[in-house]
Structures are given as structure tokens and as C-alpha cells.
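Observations on the three-dimensional arrangement
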Amino acid sequence: GGAPPHARDLTQSSELEMIANGCAQQPGPLSKSAEVCIGGVSTRLIATAYANRIFVVVSQRENLGTLISATRESATGLASGPGCYSTRVLLGRRDDEALEVYARTLVELINKSRPADLLLALNLLDSSRATFHEVMRALDAIKVW
């Protein structure tokens, strides 16, 4: 369990190399990960912040599962008003509305902190309310927004 040791080591060695070489390169995107037990199942969480998008992976299996894009629709003249969000399944299951609930909830939470679209990879064994709340709590602990 736990985060893969290579993730932190690569970041640290890359930073050391930049200092040693005198380079002024920007570090890569901020990324955090965790492995937690949700509903008795080992669950891998990864959140990565890019300039205009947050990429989140929540998987209880060995693959990414369904990919969903969630974006904030721009409301003309109402930039500070409540947002309207749209979700779209890019790859994977289109028959489970619970997957889009995850995406819509996450994009709303992200946009409370910063304007950014969401790309969500979701692969869960069940779509119960309890699992939803556990996933949201776990993502809050590794948020990069």
C-alpha cells in the first residue's frame, strides 16, 4: 500500500538536477496520490492539476475505467453567478448516471477554489451513496485545486 516511492523520488531528483545544472525550468504539474480502503476495497486516487484542467483518477481495479469530461459553461454577463456545468462521457460506460454525479460534484468543488475543467477517470465496484461519500472525503485529502 501507500504512494509509489518513485513518484516523490523523481520530483526530488528532477529539482536537484535543475539546481545543479542552473536551469530555470518549471516543475511539472502538481500531483498527489493515495491508496485508501473504500467499502473494504483498495482504491487508488490520483489528482493532477494542469493549467486549465484537473485530472482525477479513482480506481478500484487495474485500469482507468470510464473517462468523463466536466466543464463549466460560461454564462454571459454572469461571471460571478452560480455555475452551470456539463458532463460528457468520453470513453466507457454511458449507462450509469452515478458516474456523471461524481464528475458534476467534483467540477463544482474545484470551481469553488479555481476555474478549471475536470477530466475524471472512474472505476468503482459499486455506486452506493456510502461509497460516493467515502470517495469525496478521500479526494478532499489529496486535492490539488
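Refer to the structure above for everything that follows.
Note that the structure is a prediction, hence the values are computed from the model and not measured. Each residue is numbered by its place in its chain's sequence as written, counting from 1. Reporting of local features is limited, given that this is a predicted model, to residues whose pLDDT is at least 70; pairs of side-chain atoms are given and counted only at 80 or more, and all residues count toward the totals for whole chains, interfaces and linings. Only hydrogens and water are set aside when side-chain values are computed; all heavy atoms of the structure are taken into account.

Side note on the environment of A47
For the record, the criterion: Secondary structure elements follow DSSP: runs of H or I of four or more residues count as helices, runs of E of two or more count as strands, with numbering from the N terminus. We call two residues contacting when some pair of their heavy atoms lies within 4.5 Å.
With respect to the helices and strands, the residue A47 is situated in strand β2 (residues 41–49). The spacing of A47 and L30 is 17 residues in sequence and 8.3 Å in space, taken between C-alpha atoms. If we skip the residues at most four places from it in the chain, A47 touches L30, S31, K32, F55, V56, I142, V144 and W145.

Overview of the pairing of strand β3 (residues 53–59)
Note the following rule: Accessibility here uses a 1.4 Å probe with only protein chains present; expressed as a share of the type maximum, an area under 20% marks a residue as buried, one over 50% as exposed, and anything in between as partly exposed. Pairing between two strands is assigned when DSSP locates at least 2 bridges connecting them.
The buried fraction of β3 is high, at five of seven residues. The pairing of β2 with β3 spans six bridges and is classified as antiparallel. The residue of β3 that forms the bridge with T48 is F55. The turn linking β2 back onto β3 is made up of three residues. Alignment of β3 against strand β6 (residues 117–123), held across seven bridges, turns out to be parallel. By the bridge assignment, F55 is partnered in β6 with L119.

Thoughts on the environment of E62
Positionally, E62 belongs in the loop between β3 and β4 (66–73). Classification of E62 by relative accessible area gives exposed; the value is 84%. For the pair E62 and R44, spaced 18 residues apart in sequence, the C-alpha separation works out to 9.3 Å.

Comments concerning the nonpolar core
So the rule is basically this: We call a set of buried residues a nonpolar core when its members are Ala, Val, Leu, Ile, Met, Phe, Trp, Tyr or Cys and they connect through side-chain atoms within 4.5 Å of each other.
In terms of nonpolar packing, the biggest core is built from 31 residues, with I54, V56 and L118 touching the most fellow members. Looking at which element gives the most residues to this core, the answer is helix α2 (residues 97–113), with six residues. Sequence-distant contacts of I54, that is, excluding residues within four places in its chain, are made with T48, A49, I110, R114, A116, D117, L118, L119, V144 and W145.

A few points about the side chain of T131
Filter applied, for reference: Polar contact is defined as a pair of N or O atoms within 3.5 Å, subject to the rule that within protein one atom must be able to donate a hydrogen and the other to accept it, and that residues adjacent in sequence are counted only when both atoms are side-chain atoms.
On the secondary structure map, T131 appears in helix α3 (residues 129–141). Reaching out from T131, the side chain makes a polar contact with the side chain of D126 at a distance of 3.0 Å. Sequence-distant contacts of T131, that is, excluding residues within four places in its chain, are made with I38, Y102, L124 and D126.

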